[in-house]
Amino acid sequence: MKKSLIAAAIAAASLAPVAASAQDAAAAVAPTVGAKVYGPEGNEVGTVESVQNGVITVNTGAARAGLPAGSFAMREKGLTIGMTKAQLEAAVNGAKAETSAAKEAAMVVDAPIKSSDGVVLGTISKIEGDDVTVLLSSGASVILKKSYLGLVNDSLTLGLTAAAFAEQTGASAAAQASSDAAAPASGETAATDGTSK
């Protein structure tokens, strides 16, 4: 999720293609994990951290950015993108700030909370500090941390499928009920203490 948001922000920031000629375009290669990445002036930007589904994650040491494979070309020094380290970090930080602001704006009472597979789990009933109380479709309530929620396609989304969420909330409820049943009532404790031999 974050990688795609950052990639979109970088694309919106006019990531210029680095291929200046047909020869450079022909020299484009598939980046490999650990490869150094350079900017347009030949200064080091970072290293390739992962390559998945056409998205190459570059780690600058201070930020991570998912870039489309077409953003890379092979130059004299090596793998090159059309941004300096400072420009890439600024784009990542700008995307994070924009995403955080949008998430905060979406986090209001009655806003729906979806699972990662798009199922509406419930709606926000209360927000206190970093805690968000969600009234589930079943009528029960759960408290989630704001950090557990992300913004996906303008919807507040929990990073669990509906089935995994149901399993976790069911397991929590069962554990609480079991714990409550195992604890002796205060009257029983007093009676037992009074009948010792």
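Preceding this section is the structure that the text describes.
A brief look at the structure comes next. (Residues numbered from 1 in each chain as written. Predicted model: local features only at pLDDT ≥ 70, side-chain atom pairs only at ≥ 80, totals over all residues. Heavy atoms only, no water.)

Below, the discussion takes up the sheet that holds strand E9 (residues 131-136). Sheet strands associate in pairs through backbone hydrogen bonding, adopting either a parallel or an antiparallel arrangement. Reading across the sheet, the six strands line up as E10-E9-E8-E7-E12-E11 and stay open at both edges, with mixed pairing between neighbours. On the outer flanks of this sheet lie strand E10 (141-145) and strand E11 (149-152), each paired with one strand and no other. For this sheet, the mean inter-axis angle between neighbouring strands, taken without regard to orientation, is 45°. As paired strands, strand E7 (residues 112-114) and strand E12 (residues 155-158) are joined by two bridges and run parallel to one another. Paired with lysine 114 across the bridge in E12 is threonine 157. Across the sheet, helix H3 (residues 85-106) is in contact with E11 and E12; its angle to E11 comes to roughly 100°. (Pairing = 2+ DSSP bridges. Helix = DSSP H or I, 4+ residues; strand = E, 2+ residues; numbered from the N terminus. Axes fitted to C-alpha atoms, helices over the stretch in contact; angles between N-to-C directions. Contact = heavy atoms within 4.5 Å.)

Right, let's get into the pairing of strand E2 (residues 44-52). In terms of strand pairing, strand E1 (residues 36-38) meets E2 through three bridges, oriented antiparallel. Within E2, the position partnered with lysine 36 by the bridge is threonine 47. Strand direction decides the pairing type here: E2 and strand E3 (residues 55-59), joined by five bridges, are antiparallel. Its bridge partner lying in E3, threonine 47 is registered against asparagine 59. Where E2 folds back on E3, the antiparallel hairpin that results is connected by two residues, among which asparagine 53 adopts a positive phi of roughly 50°.

With respect to the element layout, threonine 157 can be found in strand E12. In terms of polar contacts, threonine 157 uses its side chain to reach the backbone carbonyl oxygen of serine 155, at 3.0 Å. In this view, threonine 157 contacts Lys114, Ser115, Ser116, Tyr148, Leu149, Gly150 and Val152; residues no more than four positions away in its chain are not counted. (Polar contact = N/O pair within 3.5 Å; in protein donor to acceptor, adjacent residues only side chain to side chain.)

Our focus in this paragraph is unusual backbone geometry. Phi is positive for aspartate 110, close to 80°, though the residue is something other than glycine. Mapped onto the elements, aspartate 110 comes out in the loop between H3 and E7. Residue classification places aspartate 110 among the exposed residues on the basis of a relative accessible area of 59%. For aspartate 154, which is not glycine, the phi dihedral falls at a positive 65°. Locating aspartate 154 in the fold gives a position in the loop between E11 and E12. (Buried < 20%, exposed > 50% of the residue type's maximum accessible area, 1.4 Å probe, protein only.)

With the rule as written, the count across this model stands at four salt bridges. The partner of glutamate 49 in a salt bridge is arginine 64, with the nearest N and O atoms 2.7 Å apart. Here glutamate 49, found in strand E2, pairs with arginine 64, found in strand E4 (residues 64-68); they are 15 residues apart in sequence, far enough to count as distant. For arginine 64, a relative accessible area of 48% corresponds to the partly exposed category. Where glutamate 104 meets lysine 146, a salt bridge forms, and the shortest distance between an N and an O atom there is 3.5 Å. (Salt bridge = Lys/Arg side-chain N within 4 Å of Asp/Glu carboxyl O.)

Attention now moves to the sheet that holds E3. One open sheet accounts for six strands, arranged E4-E3-E2-E1-E6-E5; its pairing is mixed. With one partner strand each, in any of the chains shown, E4 and strand E5 (73-74) form the two edges of the open sheet. Strands E2, E3 and E4 of the sheet are contacted by H3, whose axis makes an angle of about 100° with E4.

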